[in-house]
Amino acid sequence: MNPIDNYLYSQKESYQSIMLYVRSVIHKTLPKVQEKFSYKIPFFMHCKKPMLYLNVLKGTNFVDIAFVQGILFEKEFPILKNYNNRKQVRSIQVKSLEDFNEKEFVKLLELACSQLEKSKKAWFL
């Protein structure tokens with residue numbers, strides 16, 4: 001098994017189900033996106049730049065779907081939160097699959113993908 005699969009399958013339930021489902025939506029929406037295991041978590045790369053990553057932060061009860069350039073989308077997508085005062089990363093915090101709005105997530109994915117294509121680099125702050 002590759003490191004990303006190991007990470008995802010080692011998560012306790014319901015985090016595992018959420019992450020596997022989100023991963024499938026990402027690949028269905030953006031088939032050319034590449035996965036990379038970095039900083040001990042799965043990243044999803046577009047144009048060789050990090051677009052988003054999945055994580056379960058210690059002391060929390062949600063899966064953090066973190067968009068690297070999320071600060072650019074937080075007005076249009078109020079579901080994006082600034083957890084822990086991150087400079088540019090904004091995330092969707094999913095506690096259960098029932099809370100996950102796939103249609104809104106797909107719109108956000110498509111926007112993040114097109115923005116990353118225009119960007120010279122993913123981290124700008």
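Residues numbered from 1 in each chain as written. Predicted model: local features only at pLDDT ≥ 70, side-chain atom pairs only at ≥ 80, totals over all residues. Heavy atoms only, no water.

Draft legend 1. The arrangement of the state of the cysteines in detail. Taken as a whole and judged by the stated rule, the model has 0 disulfides. Lacking any disulfide linkage, Cys-47 is separated from the closest cysteine sulfur, that of Cys-113, by 6.5 Å. Using a relative accessible area of 42% as the deciding quantity, one classes Cys-47 as partly exposed. Classification of Cys-113 by relative accessible area gives buried; the value is 7%. (Disulfide = S-S within 2.5 Å. Buried < 20%, exposed > 50% of the residue type's maximum accessible area, 1.4 Å probe, protein only.)

Draft legend 2. Up close: the sheet that holds strand E1 (residues 34-38). Pairing is antiparallel across the open sheet formed by 5 strands, whose spatial order is E1-E2-E3-E4-E5. Looking along the sheet, the strands with just one partner apiece sit at the ends: E1 and strand E5 (90-94). Across this sheet, the average inter-strand angle for adjacent strands is 25°, counted without regard to direction. As judged from the 4 bridges shared by strand E2 (residues 41-46) and strand E3 (residues 49-55), these two strands associate in the antiparallel manner. Each residue of the ladder has a partner; that of Phe-44, found in E3, is Leu-52. Strand contacts of helix H3 (residues 102-118): E2, E3, strand E4 (63-67) and E5, with the helix running at about 145° to E3, the strand carrying the most contacts. (Pairing = 2+ DSSP bridges. Helix = DSSP H or I, 4+ residues; strand = E, 2+ residues; numbered from the N terminus. Axes fitted to C-alpha atoms, helices over the stretch in contact; angles between N-to-C directions. Contact = heavy atoms within 4.5 Å.)

Draft legend 3. Representation of the packing of helix H2 (residues 15-29) against H3. Relative to each other, H2 and H3 sit at 50°, their axes nearing to 10 Å. If you check the angle between H2 and H3, you find them oblique. Note that H2 runs across H3; the crossing there is right-handed. The segment H2 lies against H3, with Tyr-21, Val-22, Val-25, Ile-26, Lys-28 and Thr-29 engaging Glu-102, Phe-105, Val-106, Leu-109 and Glu-110. Residues that form the contact of H2 with H3 fall into these classes: 7 nonpolar, 1 polar and 3 charged. (Parallel < 35°, antiparallel > 145°, perpendicular 65-115°, else oblique. Left-handed = near helix turned anticlockwise from the far one by under 90°. Nonpolar A, V, L, I, M, F, W, Y, C, P; charged D, E, K, R; others polar.)

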